[in-house]
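Summary of the model geometry
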Amino acid sequence: MNPQAKMIFTASLLLGTTITITSNHWVMAWTGLEINTLAILPLISKSHHPRAIEAATKYFLVQAAASTLVLFSSMTNAWHTGQWDITQLTHPMSCIILTTAISIKLGLVPFHFWFPEVLQGTSLTTGLLLSTVLKLPPITLLFMTSQALNPTLLTVLAILSAAIGGWMGLNQTQIRKILAYSSISHLGWMTIILVYNPKLTLLNFYLYALMTSTVFLTLNSMKVLKLSTLMTSWTKMPSLSAISLLTLMSLAGLPPLTGFLPKWLIIQELTMQEMAPAAMIISLLSLLGLFFYLRLAYCATITLPPHTTNHMKQWHTNKPVSMLIAVLTTLSLMLLPISPMIFAII
């Protein structure tokens, strides 16, 4: 792709995200979401491969339907209350329609069907944008309307997302699909706490974006797209493969790594809200995710199982790891252990 065109599309992504997260009016928020959708489509389909074109088409149709529902929800609320302000969403039907629309945009179960397919049809860098940057505007809208949303509906969606995200990721061999189902599972954790403590949802999202960026950039630097090629990555970049084991464990939420922090706080908040059964169920469902993260780590670092697949062997080069990956990896691993020291300094 032309560098100037890529710069324009990336700038448009930042513009659309900024418009949505800073707006108070529903039409401005909708405009930002539309700019985001139109900016990411050329980045998805830039390889001109039939699978990439299919992914771009699916993404466009799903996001157009979700944007229509967002506009319909805001118009219904304005019709009944006379308010176009995002924080003044009070009509019950508008709240349910908005929850459905944002669930489609994020890929929450049962509207998750498009996300793994789209991620499978794109490159790892575009997949990173789809998993992080493009999820910020919808989550911001949920954050701004959290006081009006139905807690029972959100809890059901969250537990279903954690369950399906865990179950469907178990038998995948394509790494992008595994990361897509991982994203769906993490969205369940963000959604379940939204009504009770919206700031925890944002904290969870920020830490998820940090850890997912680390994993995507690590896999991109090793040029790995499926488990069979991940098995040969040790010979190319041994130090990066070794540290990716810990990054995957952090994404799974194992203590004392960074990924444990949001899960710990969410379980604590759910218990304080007398939702111990929901906390127990979603904690048990996170073990499904732990299994396929361990599977990835096993393939990457622990052993090379016997197989008959022919691989394109790459020349062993001491390719330096970029500074960005080094910084993100350090934060993904050490943010929770060093937090007492940070607080002591402050």
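Note that this is a predicted model, so its numbers are computed, not measured.

**Let's talk about the domain arrangement of the chain**
- Taken domain by domain, the chain consists of domain 1 (1-122) and domain 2 (150-345).
- Between domain 1 and domain 2, the C-alpha centre-to-centre distance is 24 Å.
- Between domain 1 and domain 2, the contact holds 14 residues from the first and 18 residues from the second.
- Taken together, both faces of the contact between domain 1 and domain 2 bury some 1,500 Å²; the carbon and sulfur share is 72%.
- Among the residues of domain 1 in contact with domain 2, L108, V109 and Q120 are the three that bury the most area, contributing 39% of the side total.
- At the junction of domain 1 and domain 2, the tally comes to 1 salt bridge.
- Across the pair K177 and E117 runs a salt bridge whose closest N-O atoms are separated by 3.5 Å.
- The tally of links between domain 1 and domain 2 comes to 5 residue pairs in polar contact (both at pLDDT 80 or more).
- Elements with a contribution of two residues or more to the side of domain 1 that touches domain 2: α4 (92-106) and α5 (114-120).
- Looking at the side of domain 1 that touches domain 2 element by element, the count peaks at 5 residues for α5.

**Focus on the packing of aromatic side chains**
- Summed over the entire model, instances satisfying the criterion amount to 5 aromatic pairs.
- With 5.1 Å between their ring centres and 50° between their planes, F292 and Y293 make a pair best called tilted. A single burial state applies to F292 and to Y293, both of which are buried.
- Connected via pairs of aromatic rings, a cluster forms that spans Y59, W114 and F115.
- Across the ring face of W189, the terminal group of K263 is positioned such that the distance to the ring centre comes to 5.1 Å.

**Points about the UniProt feature "transmembrane region" (unreviewed entry) in the chain**
- Per the UniProt entry, the sites bearing "transmembrane region" (unreviewed entry) are residues 59-79, 91-115, 152-171, 178-196, 202-219, 240-258, 278-300 and 321-345 in this numbering.
- Secondary structure across residues 59-79 comprises 100% helix and 0% strand; the distance between its end C-alpha atoms is 30 Å.
- Taken end to end, residues 178-196 is 79% helix and 0% strand, and its two terminal C-alpha atoms sit 29 Å from one another.

**Things to note about the pattern of salt bridges**
- Under the criterion given, the structure shown has 3 salt bridges.
- The salt bridge involving K58 is made with E117; its shortest N-O contact spans 3.9 Å. Here the residue K58 occupies a position in helix α3 (residues 50-81), and E117 occupies one in helix α5, the gap between them amounting to 59 residues.
- With a relative accessible area of 28%, K58 lands in the partly exposed category.
- Counted as one network, the salt bridges with shared partners bring together E54, K58, E117 and K177.

What counts, and at which threshold
- Residues numbered from 1 in each chain as written.
- Predicted model: local features only at pLDDT ≥ 70, side-chain atom pairs only at ≥ 80, totals over all residues.
- Heavy atoms only, no water.
- Domains from an automatic or database assignment.
- Contact = heavy atoms within 4.5 Å.
- Buried area = accessible area lost by both parts, 1.4 Å probe.
- Salt bridge = Lys/Arg side-chain N within 4 Å of Asp/Glu carboxyl O.
- Polar contact = N/O pair within 3.5 Å; in protein donor to acceptor, adjacent residues only side chain to side chain.
- Helix = DSSP H or I, 4+ residues; strand = E, 2+ residues; numbered from the N terminus.
- Phe/Tyr/Trp six-rings, centres within 6.5 Å; stacked < 30°, edge-to-face > 60°.
- Buried < 20%, exposed > 50% of the residue type's maximum accessible area, 1.4 Å probe, protein only.
- Lys NZ or Arg CZ within 6 Å of the ring centre and 35° of its normal.
- UniProt positions renumbered as here; feature names shortened; annotations may be inferred.

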